[in-house]
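Understanding the architecture of this molecule
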Amino acid sequence: MSLPFFYVENIDAGDAIVLDEDNSRHVVSVLRMEAGEQLHLTDGKGNLLTGIIADPHKKKCHVSITGRQYTELPARRIAIGISLVKNPVRFEWFLEKATEIGITEIIPLLCSRTEKQHLRYDRMKNVLVSALLQSRQTWLPVLQLPVKFETVLALPAYQQKFIAHCVEEDRKNLDSNLINPSANQLILIGPEGDFTSLEIEQALQKDFAAVALGQTRLRTETAGIVAAVLLKAGL
């Protein structure tokens, strides 16, 4: 059976750690773990620690560290710039699934037609953490603060850049003919109502390739997941 998996934001090099109150309560009061039982800890930065409960205090649970592993961040970075949507539950669903899939970076976009302008960052970070633990990964996606559409066009770290829009002309399917599985990639997903023609033109001028994600028109969050799967698979 897999060991229980917990997130600790900051992990030092010592041989013991004291869990915060939320994790302690979950370990002691919810899972009813006792002294001598094992668990895993990750900081979402590639570190995986194995520990043994030394003192099962429900507010300050002491854990002795017995093993450490480090997983390198995958060389290939995949980022999704996606418009905020009016219903935050739908955006949370996207964050959850993108984390499970293994996306490297998520950039909330503020486009001309974006209706919601604010993001509850702490809540959204918690969604990422929960998905990280559920999928038992050790790298947490980078969640940026919302940025204006024009700002994301200038990001320099991606060799391949795509914009997925609904205008029928001049699009190619996002498939093996376009995806370079060894390149860093950024794809932009628009709001309900799509990108404006000006935004599309601005992206094309910045060397973004216009792509389609299938034959049907997708909700913003669904389009984000389809793009994540296609890029992650490196088809």
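Quick caveat, the model's predicted, so the values are computed rather than measured.

1. Things to note about the packing of aromatic side chains
- All told, the structure shown has three aromatic pairs when counted by the stated rule.
- Geometrically, the ring pair formed by F91 and F94 is tilted, given 6.0 Å between the ring centres and 45 degrees between the ring planes. Separated by three residues within a single helix, F91 and F94 lie in helix α2 (residues 88–101), roughly one turn from each other. Just as F91 is buried, F94 falls in that class too.
- Ring centres 5.4 Å apart and planes at 50 degrees place the aromatic pair F149 and F195 in the tilted group. Remark: F195 occurs in the loop between β12 (185–189) and α5 (197–205) and F149 occurs in helix α4 (residues 149–152); sequence separation between them is 46 residues.

2. What to know about the pattern of salt bridges
- The final tally for this structure, using the stated rule, is 10 salt bridges.
- The partner of D22 in a salt bridge is R25, and the shortest N-O contact between them spans 2.8 Å. Here the residue D22 and the residue R25 both occupy positions in helix α1 (residues 21–30), the gap between them amounting to three residues, near one helical turn.
- Given a relative accessible area of 52%, D22 falls into the exposed group.
- Overall, R25 belongs to the partly exposed group, its relative accessible area being 38%.

3. Notes on empty space enclosed by the protein
- A full pass over the atoms with the stated rule returns two cavities of 30 Å³ or more.
- Its boundaries defined by the atoms lining it, the largest cavity holds a volume of some 50 Å³.
- Around the largest cavity, the lining residues are S83, L84, V85, K86, R113, T114, E115, P191, E192 and T220.
- Of the volumes computed, that of the second largest cavity is approximately 30 Å³.
- Around the second largest cavity, the lining residues are L84, V85, P88, F91, K116, H118, L119 and M124.

4. Digging into the side chain of E105
- As for its position among the elements, E105 is in strand β7 (residues 105–110).
- On the basis of relative accessible area, E105 is assigned to the buried category, the value being 7%.
- Within polar-contact distance, the side chain of E105 engages the side chain of Q144 at 2.7 Å.
- When residues no more than four places from it in sequence are discounted, the contact partners of E105 are R77, I78, A79, I80, V142, Q144 and Y158.

5. With respect to the sheet that holds strand β1 (residues 5–7)
- The sheet built from five strands is open, its strands ordered β1-β3-β4-β5-β2 with mixed pairing. Each having just a single partner strand, β1 and β2 (16–18) make up the two edges of the open sheet. With strand direction ignored, the average angle separating the axes of adjacent strands in the sheet is 40 degrees.
- Of the strand pairs in this sheet, strand β4 (residues 47–55) and strand β5 (residues 62–70) are connected by eight bridges, and their pairing is antiparallel. Paired with L48 across the strands is Q69, a residue of β5.
- Strands β1, β3 (38–42) and β4 of the sheet are contacted by α1, whose axis makes an angle of about 165 degrees with β1.
- Its contacts with the sheet put helix α3 (residues 121–134) on β1 and β3, and the angle it makes with β1 is roughly 155 degrees.

6. Observations regarding the pairing of β4
- By the bridge criterion, five bridges tie β3 to β4 in an arrangement that is antiparallel. For H40, the partnering residue across the bridge sits in β4 and is T50.
- A loop of four residues connects β3 with β4, the two strands running antiparallel in sequence, and G44 in this loop sits at a positive phi of about 70 degrees.
- Counted between consecutive antiparallel strands, the loop separating β4 from β5 contains six residues.

7. Here's the deal with the environment of G67
- Summarising the element assignment, G67 is placed in strand β5.
- On the accessibility criterion, G67 (22% relative accessible area) is partly exposed.
- Taking the C-alpha atoms as reference, G67 lies 5.6 Å from L49; in sequence the two are 18 residues apart.
- Leaving out residues up to four positions away in the same chain, G67 has contacts with L48, L49 and T50.

What counts, and at which threshold
- Residues numbered from 1 in each chain as written.
- Predicted model: local features only at pLDDT ≥ 70, side-chain atom pairs only at ≥ 80, totals over all residues.
- Heavy atoms only, no water.
- Phe/Tyr/Trp six-rings, centres within 6.5 Å; stacked < 30°, edge-to-face > 60°.
- Helix = DSSP H or I, 4+ residues; strand = E, 2+ residues; numbered from the N terminus.
- Buried < 20%, exposed > 50% of the residue type's maximum accessible area, 1.4 Å probe, protein only.
- Salt bridge = Lys/Arg side-chain N within 4 Å of Asp/Glu carboxyl O.
- 1 Å grid on protein atoms, 1.4 Å probe; cavity = no way out; pocket = protein on both sides within 12 Å on 5 of 7 lines; lining within 4 Å.
- Points joined across faces, edges and corners; volume = space filled by probe spheres on them.
- Polar contact = N/O pair within 3.5 Å; in protein donor to acceptor, adjacent residues only side chain to side chain.
- Contact = heavy atoms within 4.5 Å.
- Pairing = 2+ DSSP bridges.
- Axes fitted to C-alpha atoms, helices over the stretch in contact; angles between N-to-C directions.

Everything listed here is a matter of geometry and, on its own, says nothing about what the molecule does.
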